[in-house]
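Take a look at the letters that make up each chain.
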Amino acid sequence: MLVSLSVFFVLLKYLRKVCMLFGLLGVLSCKDFKSWESKYGKQVKIAFLPAKDKKVPGTLADLQSERLSALRFWQLPLLTEHDAPFLLKDGLSIPLDPNADAVSFELIDENARYYLQVTICYERMVSLISTEAGGLQVQYTIQGVQCNKKDFFKKITIDGPVPLKAEKEKPNVTLYY
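None of the values given here were measured: they were computed from a predicted structure.

Scoring rules and cut-offs
Along each chain, numbering runs from 1 in the same order as the chain's sequence is written. Only residues with pLDDT of at least 70 get local features here, since the model is predicted, and only at 80 or more are side-chain atom pairs given and counted; chain-wide, interface and lining totals rely on the full set of residues. Only hydrogens and water are removed before side-chain values are computed, so all heavy atoms of the structure are retained for them. Strands here mean DSSP runs of E at least two residues long; helices mean DSSP runs of H or I at least four residues long; both are numbered from the N terminus. For the exposure calls, accessible area comes from a 1.4 Å probe over protein chains only, and a residue counts as buried if that area is under 20% of its type's maximum, exposed if over 50%, partly exposed in between. What makes two residues a contact is simply this: any of their non-hydrogen atoms within 4.5 Å. For every accessible area listed, the method is Shrake-Rupley and the probe measures 1.4 Å; residues are considered covered only by the protein chains on display. In this description, one arc is meant: the one made by directions from the helix axis to the C-beta atoms. We define the nonpolar core as a collection of buried residues of types Ala, Val, Leu, Ile, Met, Phe, Trp, Tyr and Cys that are connected through side-chain atoms lying within 4.5 Å of one another. The patch calculation keeps residues exceeding 30% relative accessible area without a salt bridge and links them within 9 Å when they carry like charges or within 5 Å when they are nonpolar (Val, Leu, Ile, Met, Phe, Trp, Tyr). Salt bridges are identified by distance alone: a Lys or Arg side-chain nitrogen within 4 Å of an Asp or Glu carboxyl oxygen. Ring geometry is summarised as follows: Phe, Tyr and Trp rings, the Trp one being its six-membered ring, pair when their centres sit within 6.5 Å, and such pairs are stacked at plane angles under 30 degrees, edge-to-face over 60 and tilted between the two. A ring is considered to have a charge above it if a Lys NZ or an Arg CZ atom is located within 6 Å of its centre and within 35 degrees of its normal. The criterion for strand pairing is that DSSP finds at least two bridges linking the strands in question.

Asks: Could you give an account of the overall build of the chain, naming the residues involved and the relevant values?
Replies: Across its full length, the chain carries two helices and nine strands. When the helices and strands of the chain are read in sequence order from the N terminus, they spell out α-β-α-β-β-β-β-β-β-β-β. For the chain, the proportion of its 177 residues judged to be buried stands at 31%. A separation of at least 24 residues holds for 52% of the contacts in the chain among residues at least 6 apart in sequence. Per element, the accessible surface of the chain, about 12,100 Å² overall, is 60% carbon and sulfur.

Written out as structure tokens, the structure reads:
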């Protein structure tokens, strides 16, 4: 009885090694690991630009645009430990939640004169990455932008869906102050 049990454990040990070998060969047989990655980005890039005068090219629309461009704002809630004050012209990059339909953030200047809550509504479209490898990817399409102060931003443009990973530098939303 003792001998048959020890033989059983030895066979089990070799069987486990064979299964691990076949599992490793199965993973390595999928030659293109890039096909497993989602091609869509997961962050919305927001650009802040001063509003330009329509009649006189190259000049700002009004004095408010000039004053706001010099203010430093904090992004709330703090998304990372190193979130520092930024000028509006620097822009923001906000991560999107695959389980929600909107993301909100607050902007407040150093002197607490301006407090803005901006909500970006988006639609999620889930698709299969690869029929061979499996996996799901989420494509985000910006549907709208809302702000708690109606007159703060003169114009809001949605510049397209959240881009592919190769097009990270392009803004998805532009807010003109």
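Asks: Just give me the short version of helix 2 (residues 63-70), but keep the residues and values in it.
Replies: Within the sequence span of helix 2, burial applies to Ser65, Leu68 and Ser69. Angularly, the buried residues of helix 2 cover 105° about the axis, an arc narrow enough to put them on a single face. Exposed residues pointing more than 90 degrees away from the buried face of helix 2 are listed as Leu63, Arg67 and Ala70.

Asks: A description of the side chain of Gln139 should follow, citing residues and the corresponding values.
Replies: Its location among the elements puts Gln139 in strand 7 (residues 136-147). Gln139 gets classed as buried once you look at its relative accessible area, which sits at 16%. Apart from residues lying up to four places away in sequence, Gln139 is in contact with Tyr40, Glu123, Arg124, Met125 and Pro161.

Asks: So, the nonpolar core: which residues are in play, and what are the values?
Replies: The biggest cluster of nonpolar side chains holds 28 residues, and the ones touching the most others in it are Val44, Ile46, Phe48, Phe105, Ile120 and Phe153. Those elements giving two or more residues to this core turn out to be strand 1 (43-49), strand 4 (92-95), strand 5 (102-109), strand 6 (115-128), strand 7 and strand 9 (173-176). Residue contributions to this core peak at five residues, all from strand 7.

Asks: Describe a nonpolar patch on the surface, with residues and values.
Replies: Where nonpolar side chains cluster on the molecular surface, the patch consists of Phe8, Phe9, Leu12 and Leu15 and spans about 420 Å² of accessible area. If you trace the backbone, Phe9 turns up in helix 1 (residues 2-29).

Asks: Explain the packing of aromatic side chains to me, using residue names and the numbers behind them.
Replies: By the definition in use, this model includes three aromatic pairs. Between Tyr122 and Tyr140 the ring centres are 5.5 Å apart and the planes differ by 80°, which places this aromatic pair in the edge-to-face class. With a gap of 18 residues between them, Tyr122 in strand 6 and Tyr140 in strand 7 connect regions that are remote in the sequence. Accessibility assignment for this pair places Tyr122 and Tyr140 in one class, buried. Taken together through their ring pairs, the aromatic side chains of Phe48, Phe152 and Phe153 make up a single cluster. The positively charged end of Lys155 is found above the aromatic ring belonging to Tyr176, 5.2 Å away from the centroid.

Asks: Hey, could you go over the pattern of salt bridges for me, with residue numbers and the actual values?
Replies: Evaluation of the coordinates by the stated rule reveals one salt bridge. A salt bridge links Asp101 to Arg124, with the nearest nitrogen and oxygen atoms 2.8 Å apart. Of the two residues, Asp101 sits in the loop between strand 4 and strand 5 while Arg124 sits in strand 6, which places them 23 residues apart along the sequence. Given a relative accessible area of 44%, Asp101 falls into the partly exposed group. On the basis of relative accessible area, Arg124 is assigned to the partly exposed category, the value being 33%.

Asks: So, the pairing of strand 5: which residues are in play, and what are the values?
Replies: Here strand 5 runs beside strand 6; their pairing, made up of seven bridges, is antiparallel. Each residue of the ladder has a partner; that of Val103, found in strand 6, is Ile120. Hairpin geometry of strand 5 and strand 6 is characterised by an intervening segment of five residues between the two adjacent antiparallel strands and by a positive phi of about 60° at Ala112.

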